[in-house]
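Structure assessment
Residue-level listing of the chains:
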Amino acid sequence: MNFITWEYYSSLYSEIPDEETFNKLIKQAKTKMDAITHMRVSRFVGSHRKTTATDFQKQVYAQIQDTACELANLLYAQDMSGMGTGISSVSNDGYSESYTVTTAAQKNEQQREIILNGLRGTGLAGVL
């Protein structure tokens, strides 16, 4: 079930450069969201009907889409930078950046935080 299209993503975001990469990352994002929410996201998306959805259900669906896009962006950034995604220092004279090396646990925590923050107020993240 592909609930986010390349057209939707590219109209709002520009981090992921092409549709093929996007499709791979959005699938990973959906899998991670389902793992954190115990499949609540997939069940909600599967039962969502635009024509009969309440305003709250429409808002939840939009939050799911935006969270998946943000998570895909993070996954892309993590892939592109090897291990590190956080800038630890910047020098303005001659421009230099230093990146922190992130462990697998830290990367997973970054992903989890995006999911929990993005789905806040929807009831899909449970009491995690």
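1. Structural notes on the nonpolar core
Among the nonpolar cores identified, the biggest contains 27 residues, and Ile16, Met33 and Ile64 are the most heavily contacted of them. Mapped by element, the contributors of at least two residues to this core are helix H1 (6–12), helix H2 (19–37), helix H3 (40–47) and helix H4 (55–80). With 10 residues, the top contributor of residues to this core is H4. Not counting residues up to four positions away in its chain, the partners in contact with Met33 are Val41, Ile64, Thr67, Ala68, Leu71, Ile115 and Leu119.

2. Brief notes about the packing of aromatic side chains
Summed over all chains, the structure comprises four aromatic pairs. Centroid distance Trp6 to Tyr9: 5.9 Å. Interplanar angle 25°. Geometry classified as stacked. Taken together, the positions of Trp6 and Tyr9, both in helix H1 and three residues apart, correspond to about one turn of that helix. Neither residue differs from the other here; Trp6 and Tyr9 are each classed as buried. With 5.3 Å between their ring centres and 20° between their planes, Tyr9 and Tyr13 make a pair best called stacked. Using a relative accessible area of 0% as the deciding quantity, one classes Tyr9 as buried. Cluster of aromatic residues (ring-pair linked, three or more members): Trp6, Tyr9, Tyr13 and Phe22.

The rules behind each value
Residues numbered from 1 in each chain as written. Predicted model: local features only at pLDDT ≥ 70, side-chain atom pairs only at ≥ 80, totals over all residues. Heavy atoms only, no water. Core = buried A, V, L, I, M, F, W, Y, C linked by side-chain atoms within 4.5 Å. Buried < 20%, exposed > 50% of the residue type's maximum accessible area, 1.4 Å probe, protein only. Helix = DSSP H or I, 4+ residues; strand = E, 2+ residues; numbered from the N terminus. Contact = heavy atoms within 4.5 Å. Phe/Tyr/Trp six-rings, centres within 6.5 Å; stacked < 30°, edge-to-face > 60°.

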